[in-house]
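Residues per chain are reported as follows:
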Amino acid sequence: MRTSDADILIVPGLSGSGPDHWQTRWEQKLSTARRVEQEDWDRPVRESWTRRLVAEVEASSRPVVLVAHSLGVALVAHAAPLLPAGAVKGAFLVGLPDVERPDVPPEIDPSFRPLPRDPLPFPSLLVASRDDPFCAYERAEDFAYAWGALIVDAGQAGHMNTESGYGPWPEGLMRFAGFLRQL
């Protein structure tokens, strides 16, 4: 699959991925990409975020590939059983936060817990960091196995966001292109 064959839905997490974030840059670079906009990026409510993601998938005219970061990864896991069967061809997941930790920011809706462990109904790849401050690598690896996702060890990469030095993230874009080829 090529990017032109799919509707690429960018699924940000808490605060919505700012202008220098790799998701925003990919959205601007990839002609078939669009962001799943949420009503409130700073106070995520699982039910409304899920509804919005389902609506965007339903509105797509081509096969869908999801590109999720942080809380967007948790959203994909929650929304997966509600997405139209066969519409999503794959999910590229980056920087899963462990929403079951006791130090989860209070602005995150508690209904994001627990994180689903059911296999995802589409091929997926989870990129995880060895020093992500929001999720231990072993937890990310455990969820990847439960979801049936391939796991990619990003090494010492922080949360793979702007604060961790991930602006354009060309290596990630190359990994995404490889993932698309496999779909």
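Everything that follows concerns the structure shown earlier in this document.
Here the structure is a predicted model, which means the values were calculated and not measured.

(A) Summary view of the sheet that holds strand E1 (residues 7-11). Ordered in space as E2-E1-E3-E4-E5-E6, the 6 strands form an open sheet in which the pairing is parallel. In the strand order of this sheet, the two ends are held by strand E2 (33-35) and strand E6 (150-153), each with one partner. Sheet twist, expressed as the mean angle between neighbouring strand axes with direction ignored, is 20°. The sheet contact formed by strand E5 (residues 124-128) and E6 spans 4 bridges and is parallel.

(B) Expanded view of the packing of aromatic side chains. This structure, assessed with the given rule, holds 11 aromatic pairs. With a centroid separation of 6.0 Å and an interplanar angle of 40°, the aromatic rings of tryptophan 26 and phenylalanine 92 are classed as tilted. A residue pair is termed long-range when its members are at least 10 positions apart, and tryptophan 26 in helix H1 (residues 22-29) and phenylalanine 92 in strand E4 (residues 88-94) qualify at 66 residues. When sorted by exposure, tryptophan 26 lands in the same class as phenylalanine 92, which is buried. Ring plane angle 50° and centroid distance 6.2 Å describe the contact between phenylalanine 92 and phenylalanine 179, whose orientation is recorded as tilted. Highlighted residues: phenylalanine 92 in strand E4 and phenylalanine 179 in helix H5 (residues 170-182), separated in sequence by 87 residues.

How each quantity is defined
Residues numbered from 1 in each chain as written. Predicted model: local features only at pLDDT ≥ 70, side-chain atom pairs only at ≥ 80, totals over all residues. Heavy atoms only, no water. Pairing = 2+ DSSP bridges. Helix = DSSP H or I, 4+ residues; strand = E, 2+ residues; numbered from the N terminus. Axes fitted to C-alpha atoms, helices over the stretch in contact; angles between N-to-C directions. Phe/Tyr/Trp six-rings, centres within 6.5 Å; stacked < 30°, edge-to-face > 60°. Buried < 20%, exposed > 50% of the residue type's maximum accessible area, 1.4 Å probe, protein only.

Geometry only, nothing functional implied.
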